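Architecture at a glance
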Amino acid sequence: MRLFDLTKRFKTGITIAISLVVVENIAWILEPSLFGRVIDALIDTATGEGRIIVTFPLVLWVVVFMTNSLVGALRRSVDQKIFLNMFTEIAADVATMGKKSRLSISKTAARAELSREYITFFQYRVPEIIEQSIAIVGAVIALVFFDWRIALTCFCIVVPLFVITKFYNHKVILLQRSVHDTREEAYEVFAMKDPDRVREYYHSMSVPQQKIANWGAFNFLMMRIFLLGIFLIVMYIAIDLDDFTTGNIYSIVAYLWTFVTSSEYLPELLESWTSLKDISTRLKTEGI
């Protein structure tokens, strides 16, 4: 069972879900720039300069804000129906192939539960990856219109982000494999009806999970250090080197903060990808 095969099989539902995510987040990334114009218009009106008419930027921002809100609400309703149906079909396939391969009931049930991670990935991780990617790329593009030096500084995070993420995934995939090995034994352990065995079982599972958490903490710290440097450089350019309006400053800070938070979140999302690769390997060996 591969992501490509699942995408092809359930392409209509997945396409609808992803399209809603894209529209929602494109509207969201436009908001800071439009709201910055609203701020400048309000300041001009309050100071009596009146160079900008408030109504047009305000209406434009409200339209984009409502697009983001309404599409976001629709997506959260439609997603549930699409992915519940998808999991039902996948679980049935796992049960069928488990029977053909003469797997134990416990292992078949465990793999059916593991296959739920496909749904988690499509329903939550794919939208989150798209959201963060749009946020990062959109923020950089938006910052180009304010000062190309700011955008270039943000773009420099790509290299350390790639190196750190690659190293992190290499370490985590081995630990994820250990966790999944243990999870496949869950039903057999509980069948023993021995509290000490259950305690030992969950303790053994917690060891690789704690190591994954430790690597995640290290990865997070390294990303924050790089991002702190970028934040300080960008703020220096924005405040000391350029003559920006109040609205411009607001937009730049909003885009910068979007870039920082999205960049530090991406490696965590990729952890689910490493987990899914191991699950795909397990199900593939059974012809699923």
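Presented here is an overview of the structure given in this document. Fair warning: this is a prediction, and the values are worked out from it, not measured in the lab.

Remarks on the overall build of the chain
- Looking only at helices and strands, the chain has 10 helices and 0 strands in total.
- Out of the 288 residues belonging to the chain, those deemed buried represent 44%.
- A total accessible area of about 16,000 Å² is found for the chain, and carbon and sulfur atoms account for 66% of it.

Observations concerning the environment of F190
- Mapped onto the secondary structure, F190 falls in helix α8 (residues 186-191).
- Here F190 falls in the partly exposed class, since its relative accessible area comes to 43%.
- Through-space distance from the C-alpha of F190 to that of Y201 is 9.5 Å; in sequence the pair is 11 residues apart.
- If near-sequence neighbours (up to four positions away) are discounted, F190 is found in contact with V198 and Y202.

A look at the packing of helix α5 (residues 116-144) against helix α6 (residues 148-155)
- Relative to each other, α5 and α6 sit at 155°, their axes nearing to 7 Å. Considering the angle they form, α5 stands roughly antiparallel to α6. Within the contact between the two elements, α5 uses V140, L143 and V144 and α6 uses W148, I150, A151 and C154.

Focus: the side chain of S251
- In this fold, S251 is placed in helix α10 (residues 246-285).
- Engagement of the side chain of S251 in a polar contact is seen with the backbone oxygen of P32, the distance being 2.9 Å.
- The contacts of S251, once residues within four sequence positions are left out, are P32, S33, G36 and F146.

Observations concerning the packing of aromatic side chains
- Overall, the coordinates contain 3 aromatic pairs when judged by the stated rule.
- Note on F35 and Y250: the rings are 5.4 Å apart at their centroids and 65° apart in plane angle, and the pair reads as edge-to-face. Linking F35 in helix α2 (residues 11-47) with Y250 in helix α10, this pair joins segments that are 215 residues apart in sequence.
- Between W61 and F65 the ring centres are 5.5 Å apart and the planes differ by 40°, which places this aromatic pair in the tilted class. Note that W61 and F65 are positioned in helix α3 (residues 55-100) at a spacing of 4 residues, about one turn of the helix.

The rules behind each value
- Residues numbered from 1 in each chain as written.
- Predicted model: local features only at pLDDT ≥ 70, side-chain atom pairs only at ≥ 80, totals over all residues.
- Heavy atoms only, no water.
- Helix = DSSP H or I, 4+ residues; strand = E, 2+ residues; numbered from the N terminus.
- Buried < 20%, exposed > 50% of the residue type's maximum accessible area, 1.4 Å probe, protein only.
- Areas by Shrake-Rupley, 256 points an atom, 1.4 Å probe, with all protein chains shown as cover.
- Contact = heavy atoms within 4.5 Å.
- Axes fitted to C-alpha atoms, helices over the stretch in contact; angles between N-to-C directions.
- Parallel < 35°, antiparallel > 145°, perpendicular 65-115°, else oblique.
- Polar contact = N/O pair within 3.5 Å; in protein donor to acceptor, adjacent residues only side chain to side chain.
- Phe/Tyr/Trp six-rings, centres within 6.5 Å; stacked < 30°, edge-to-face > 60°.

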